[in-house]
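This is what each chain is made of:
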Amino acid sequence: MRWLICLLLSVSQSWAWGFWAHRRINRLAVFSLPETLFAFYRNHIEYITRQATKPDERRMAFSWEPPRHYIDLDRYPPNLPHRWQEAVELLSIDTLHAHGMLPWHLEAAFWDLVEAFRKQNTPQILKLSAEIGHYIGDAHVPLHTTANYNGQLTGQQGIHALWEALLPEQYGETYDYWVGQAKIWRSVRDTLWKVIYESHALVSVVLQAERTATHQVGEIKKYTYRIRGNQTIRTYSAAFIETYHTLLEGMVESRLRKAIHRLASLWLTAWHLAGRPVLSPVSTYIEESFPYDSSHIDHRCGEGKFSQTFFRCAPTHGSSALPFEIPKFNTFTFGVLSLSSMNRWFASPYYALLYAHRDDDEAARFVGTILRHISLPTPAYALDAGCGEGRYARALAKAGLVVDAIDVAVSTPNVPEGVRFYQKDLRTWEPDRHYHLIGSFFTSLGLEIQRWDEVKSIVRRLASWLLPGGWLVIDYTNIHKANPVTEEELVINDNRFIIKRWQDSFMLHKSIQVYPADGSSPTTYEENVLKLTEGDLYQIIERAGLEIKATWGDYDGQLFQLTDSPRLIFLAQKPVS
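Residues numbered from 1 in each chain as written. Predicted model: local features only at pLDDT ≥ 70, side-chain atom pairs only at ≥ 80, totals over all residues. Heavy atoms only, no water.

Peer 1: Got a sec to walk through the nonpolar core? Specific residues and values, please.
Peer 2: Taken as a class, soluble globular proteins show a tendency for nonpolar side chains to be buried jointly. Membership of the largest hydrophobic core comes to 163 residues, with the highest contact counts inside it found for Tyr41, Trp104 and Tyr244. Setting aside its immediate chain neighbours within four residues, Tyr41 contacts Val30, Leu33, Ile48, Phe117, Ile125, Ser129 and Trp267. (Core = buried A, V, L, I, M, F, W, Y, C linked by side-chain atoms within 4.5 Å. Buried < 20%, exposed > 50% of the residue type's maximum accessible area, 1.4 Å probe, protein only. Contact = heavy atoms within 4.5 Å.)

So this is what it looks like as structure tokens:
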């Protein structure tokens with residue numbers, strides 16, 4: 001938010017869209033949600049609507065709050081980093097506080113919402129959803145992306161409230177708010193910055209339309225006077241407001257519509273990334289009143305100095321603490337399957353029997369698809385990360401690559417001569433060379449890994465082992481196409497397999513009970529796979545510093561389809577510089 005508008009206006013002097021528009025955005029976003037999520041949010045629509053203005057109330061109590069509402073792009077360098085840590089290193093925290101951090105804060109708040117969904121913490125989900133709605137609304141306002149936020153640098157004081165409050169409150173009831181159903185975002189960071197740059201591109205139009213309206217109506221007729229209580233207040237005339245609104249050619253309506261649809265999409269994406277958990281009813285809401293005690297410390301923005309009359313932010317100088325941490329992943333604890341139990345299943349002959357259809361021909365086909373889409377030097381070094389019994393290591397070697405293979409649960413994979421094998425843990429192993437291609441095949445990335453931050457850490461390690469221009473391939477099961485059969489019985493070479501499948505909010509589970517052909521006692525094995533969606537992996541790969549070049553749904557390189565594709569495959573490249 002910005003300074004209170006100096007020009008006295010008869011309508012709301014609230015910052016941003018004004019209370020009416022902020023609440024309208026939050027309320028209508030609920031109706032763009034798909035059925036399951038709509039049923040949850042609809043029950044709390046009054047709270048979501050009411051809470052939309054809480055960040056505006058908070059800004060008058062805490063100096064760390066105002067920079068969350070804007071970003072002065074014209075005060076930042078053109079190569080502004082989109083990653084928070086990089087921005088801090090380049091510009092310093094004080095600079096970011098001074099010129100605004102709206103997109104960075106929005107991204108941090110989004111990951112807090114993902115965490116709340118994962119924890120199924122309904123009161124926190126609703127509070128964060130409502131407040132994110134406020135910041136999304138701010139991001140769609142052109143004047144929230146410029147240091148000339150109130151026209152004070154161009155002699156157009158008052159344009160802030162004119163655009164954000166007067167116009168929507170006067171014409172908002174006539175706008176069309178049918179925006180269609182929310183969509184899952186492929187990259188939250190990219191989309192948020194797209195919104196910011198989209199808004200900033202409209203600043204010149206906002207200012208020029210005001211000049212043109214002033215010229216057409218005339219300075220004398222631009223303002224009128226009204227009596228409020230015992231005060232005479234100057235405000236914009238009806239003729240000027242109408243002329244200005246016409247010259248904007250639907251801009252205000254368009255920004256409102258986009259804010260509504262993108263807010264719903266952000267909620268949906270957070271729920272999707274959290275694994276689409278079942279949401280429980282709420283018994284209490286999180287209610288707040290302001291101001292708080294001035295000694296309050298915000299863990300995302302550091303300690304700010306309370307001031308009844310402040311502007312922008314009064315940062316704590318010299319502090320090395322980061323205003324917030326991106327991303328903030330939760331740590332979940334499950335019953336951990338022991339390494340010996342993993343070894344028993346992956347090294348058993350029954351594993352090879354059950355997955356005999358996953359053979360060398362399939363591996364060779366997939367490797368061929370990959371190599372047709374990328375260019376590698378000769379010789380090219382490859383790593384099969386989580387190689388299992390070695391079929392992908394064999395396929396890579398057969399294709400002419402110099403191959404290393406690693407797996408913690410297998411001691412003697414069937415790999416050809418020349419392939420170096422390490423029975424090591426990816427979380428601690430350090431290779432003695434870097435690679436042109438690293439593959440994590442057949443969902444090996446999520447097998448028996450029980451925390452999202454572990455996957456994030458492993459992907460970052462894999463990315464660090466790539467040479468500039470190198471490629472990472474992640475092949476994962478499509479959890480939305482997972483085998484729906486809950487129990488089945490198979491007989492393979494007279495061995496009887498009884499397989500049971502189930503899932504919870506975080507994991508796919510499989511129990512395999514084997515009755516050996518020789519009549520010996522049955523043995524039960526387990527497989528557990530972390531549920532990772534397309535959005536999960538997209539964000540994790542992107543945050544590892546890689547550029548996603550393709551998302552496939554099968555081993556032939558067909559485009560990924562959420563409900564139809566058997567696999568979820570990412571092809572990502574490390575930037576050359």
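Peer 1: Go over the packing of aromatic side chains with me, naming the residues and quoting the values.
Peer 2: Counted according to the given criterion, the structure contains 24 aromatic pairs. Consider the rings of Trp104 and Trp193, whose centres lie 5.3 Å apart with planes at 70°: the pair is edge-to-face. Residue Trp104 is located in helix H7 (residues 102-119), and its partner Trp193 is located in helix H10 (residues 188-200); the two are separated by 89 residues in the primary sequence. On the basis of an interplanar angle of 55° and a centroid distance of 5.0 Å, the ring pair of Tyr351 and Tyr355 is categorised as tilted. Judged by relative accessible area, which is 12%, Tyr355 ranks as buried. (Phe/Tyr/Trp six-rings, centres within 6.5 Å; stacked < 30°, edge-to-face > 60°. Helix = DSSP H or I, 4+ residues; strand = E, 2+ residues; numbered from the N terminus.)

Peer 1: Requested: an account of the side chain of His160, with residues and values cited.
Peer 2: Assignment of secondary structure puts His160 in helix H9 (residues 159-171). The class for His160 is buried, based on a relative accessible area of 1%. Polar contacts involving the side chain of His160 include one to the main-chain carbonyl oxygen of Tyr149, which spans 2.8 Å. (Polar contact = N/O pair within 3.5 Å; in protein donor to acceptor, adjacent residues only side chain to side chain.)

Peer 1: Residue-level account of the sheet that holds strand S11 (residues 523-530), with values.
Peer 2: Sheet architecture is open: four strands sit in the order S8-S9-S10-S11, paired in antiparallel fashion. Edge strands, defined here as strands with exactly one partner in the open sheet, are strand S8 (487-492) and S11. On average, each strand axis in the sheet is inclined to that of its neighbour by 20°, with strand direction left out of account. Bridge count between strand S10 (residues 507-515) and S11: eight bridges; the pairing is antiparallel. Pairing of Met507 across the sheet is with Leu530, part of S11. (Pairing = 2+ DSSP bridges. Axes fitted to C-alpha atoms, helices over the stretch in contact; angles between N-to-C directions.)

Peer 1: Break down the sheet that holds strand S3 (residues 381-385) for me, citing the residues and quoting the values.
Peer 2: One open sheet holds the seven strands; their spatial order is S5-S4-S3-S6-S7-S13-S12, and the pairing between them is mixed. Each edge of the open sheet carries a strand with a single partner, namely strand S5 (420-422) and strand S12 (547-552). Within this sheet the neighbouring strands show an average axis-to-axis angle of 15°, counted without direction. In terms of strand pairing, S3 meets strand S6 (residues 435-440) through three bridges, oriented parallel. Note that in S6 the partner of Ala382 across the bridge is Leu437. Taken strand by strand, helix H19 (residues 452-464) contacts S3, S6 and strand S7 (466-477), and its axis lies near 145° from that of S7.

Peer 1: Mind laying out the pattern of salt bridges, listing which residues take part and the relevant values?
Peer 2: Using the criterion set out here, one finds 31 salt bridges in the structure. The shortest N-O distance in the salt bridge between Arg58 and Glu131 comes to 3.0 Å. You can see Arg58 sitting in helix H4 (residues 54-58) and its partner Glu131 sitting in helix H8 (residues 122-139), a full 73 residues away along the chain. On the basis of relative accessible area, Arg58 is assigned to the buried category, the value being 4%. The partner of Glu534 in a salt bridge is Arg186, and the shortest N-O contact between them spans 2.6 Å. You can see Glu534 sitting in helix H20 (residues 534-543) and its partner Arg186 sitting in the loop between H9 and H10, a full 348 residues away along the chain. On the basis of relative accessibility, which here comes to 40%, the residue Arg186 falls in the partly exposed class. (Salt bridge = Lys/Arg side-chain N within 4 Å of Asp/Glu carboxyl O.)

Peer 1: Let's hear about helix H5 (residues 84-91): which residues, and what values?
Peer 2: Along H5, the positions that sit buried rather than exposed are Trp84, Ala87, Val88 and Leu91. The arc enclosing the buried residues of H5, seen along the axis, measures out at 100°, which places them on a common side. Those residues of H5 hidden inside the fold are in contact with helix H6 (93-99) and H7. Ser92 sits one or two residues past H5 and shows a positive phi near 85°. (Arc of directions from axis to C-beta.)

Peer 1: Tell me about the pairing of S6, and please be specific about residues and values.
Peer 2: The element S6 is extensively covered by neighbouring structure, given that six of its six residues are classed as buried. The pairing of S6 with S7 spans five bridges and is classified as parallel. Note on S7: the bridge partner recorded for Leu437 is Trp471.

Peer 1: If you had to explain unusual backbone geometry to someone new, which residues and values would you point to?
Peer 2: The omega angle of the peptide bond from Thr378 to Pro379 is -5°, so this bond is cis rather than trans. Residue position: Pro379 is located in the loop between helix H17 (360-373) and S3. Positive phi, normally seen in glycine, also occurs at Arg276, with a value near 55°. Tracing the chain through its elements places Arg276 in the loop between helix H14 (251-273) and helix H15 (339-346). On the basis of relative accessible area, Arg276 is assigned to the partly exposed category, the value being 31%.

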